[in-house]
Amino acid sequence: MNIDKYRELSEDEQRARFLLMEETIGRGMISLAEGKKLLLENKFSSDIYESLKEKEVFVEIDGNIGYIYPVSGFPTHHRVKRADGKEFYAMCAVDALGTYKTFYQNIEIESICSETGEKIQVVIEEGEIVKYSPENIHVLHVDLDKFKNWAANC
């Protein structure tokens, strides 16, 4: 997966991506048909939907939008709460940390260490980590460049 692909989306594709993300945040996983209908109802052409699908902006799982980076349509260990009160699951810990740069809102993250099961909390305000626990927190990231679908390997 090429992270630059999100920067290369047209303005309409970006707006459509965010609309699909917000719907996923509000409802959880949505079907492909619901996603397409939502875009059409919001005056996007069917070409935009097909373009997002072709560019793999979202990951299809059993006829649903399972992931739309960095939002997961189903529960993960990485729960994010935005300043506007909306909550969602991030695909992985690194994605949870990056959601400030996606939404430009202060965020609170509640996560669980995949090794120890220990609860982790991180607060990001104005792009800076201002609070975290436990004190010895670390984030490990695997080299995902060898995977086409990061969501399934993160």
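Scroll up for the structure.
Owing to the predicted nature of the structure, the values given are computational and were not obtained by experimental measurement.

## Thoughts on the overall build of the chain
(1) Moving on: Tallying secondary structure elements over the chain gives four helices and nine strands in all.
(2) Moving on: Order of helices (α) and strands (β) in the chain, N terminus to C terminus: α-β-α-α-β-β-β-β-β-α-β-β-β.
(3) Moving on: Working note: accessible area of the chain is about 9,200 Å², and carbon and sulfur atoms make up 48% of it.

## What to know about unusual backbone geometry
The bulk of non-glycine residues show a negative phi, and the bulk of peptide bonds are trans.
(1) Moving on: Here the amide bond leading from Tyr69 into Pro70 is cis, since omega sits at 5°, within 30 degrees of zero.
(2) Moving on: Considering the arrangement of structural elements, one finds Pro70 in the loop between strand E3 (64–68) and strand E4 (71–72).
(3) Moving on: Residue Pro134 is bonded to the preceding Ser133 through a cis peptide linkage, with omega at 0°.
(4) Moving on: As for its position among the elements, Pro134 is in the segment after strand E9 (128–133).
(5) Moving on: At Glu56, a position not held by glycine, the phi torsion is positive, near 55°.
(6) Moving on: Residue placement: Glu56 occurs in the loop between helix H3 (46–54) and strand E2 (59–61).
(7) Moving on: If you check the backbone angles, Asp62 has positive phi at about 50° while not being a glycine.
(8) Moving on: Assignment of secondary structure puts Asp62 in the loop between E2 and E3.

Definitions and limits used
Residues numbered from 1 in each chain as written. Predicted model: local features only at pLDDT ≥ 70, side-chain atom pairs only at ≥ 80, totals over all residues. Heavy atoms only, no water. Helix = DSSP H or I, 4+ residues; strand = E, 2+ residues; numbered from the N terminus. Areas by Shrake-Rupley, 256 points an atom, 1.4 Å probe, with all protein chains shown as cover.

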